[in-house]
Every structure is written in structure tokens, then in C-alpha cells.
Amino acid sequence: MYGLYDADGILRFSCQDREACMAYAELFDMTSVECLFMPFPEGGLQKAKDRYRKHREVNNN
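Residues numbered from 1 in each chain as written. Predicted model: local features only at pLDDT ≥ 70, side-chain atom pairs only at ≥ 80, totals over all residues. Heavy atoms only, no water.

### Overview of the packing of aromatic side chains
Per the stated rule, a full pass over the model turns up two aromatic pairs. Between F13 and Y24 the ring centres are 4.7 Å apart and the planes differ by 10 degrees, which places this aromatic pair in the stacked class. Within this pair, whereas F13 is found in strand β2 (residues 11-15), its partner Y24 is found in helix α1 (residues 18-27), the two being separated by eleven residues in sequence. The class for Y24 is buried, based on a relative accessible area of 16%. For the pair Y24 and F28, a centre-to-centre distance of 4.8 Å together with 45 degrees between the ring planes defines the contact as tilted. Through a chain of ring-to-ring contacts, three or more aromatic side chains come together here, namely F13, Y24 and F28. (Phe/Tyr/Trp six-rings, centres within 6.5 Å; stacked < 30°, edge-to-face > 60°. Helix = DSSP H or I, 4+ residues; strand = E, 2+ residues; numbered from the N terminus. Buried < 20%, exposed > 50% of the residue type's maximum accessible area, 1.4 Å probe, protein only.)

### Some thoughts on the confidence of the model for the chain
Here the chain averages 76 in pLDDT, while 77% of its residues score no lower than 70. Element-level pLDDT for the chain is lowest in helix α2 (residues 45-60), with a mean of 72, against a maximum mean of 85 in α1. (pLDDT = per-residue confidence, 0-100.)

### Overview of the sheet that holds strand β3 (residues 35-39)
In a beta sheet, neighbouring strands pair by backbone hydrogen bonds and run either parallel or antiparallel. Within the open sheet, the three strands sit side by side as β2-β1-β3. Their pairing is antiparallel. Since the sheet does not close on itself, it has two edges, and those belong to β2 and β3, each with one partner. Pairs of neighbouring strands in the sheet enclose a mean axial angle of 15 degrees, with direction left out of account. In the sheet, strand β1 (residues 2-6) pairs with β2 via four bridges, with the strands oriented antiparallel. Following the sheet pairing, Y2 is matched in β2 by C15. (Pairing = 2+ DSSP bridges. Axes fitted to C-alpha atoms, helices over the stretch in contact; angles between N-to-C directions.)

Here you go:
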């Protein structure tokens, strides 16, 4: 499962197909600065949200 998050940490799109997530980002012209594409870790969506939150904290410092 893959998820695409925007710069505010909101899950914009999720699916089981990596190419579909990339196509969504291209469709809405989301650059790599505006979004984060990542596979969901085992354990589900909450762990993915926690990882994203940590990623944002590191990049904001």
C-alpha cells in the first residue's frame, strides 16, 4: 500500500499501485517539495502518519 501526502501532512491519495500514486501527483502537478510519496509500513496507516510527522519535524528544523 502506498500513500501520497501533501505539504500539510494530509493524505491525498492511497492505493496498492505505486504508479497510480505517481500519476496522481503528476495529474495535480505536485512537485517533490509539495508532497511525500511513501509505502505504508507494516502495521498500517498510523505508523505511516507517525513517520511522516517525524519527517516533517526534521525538515522544519
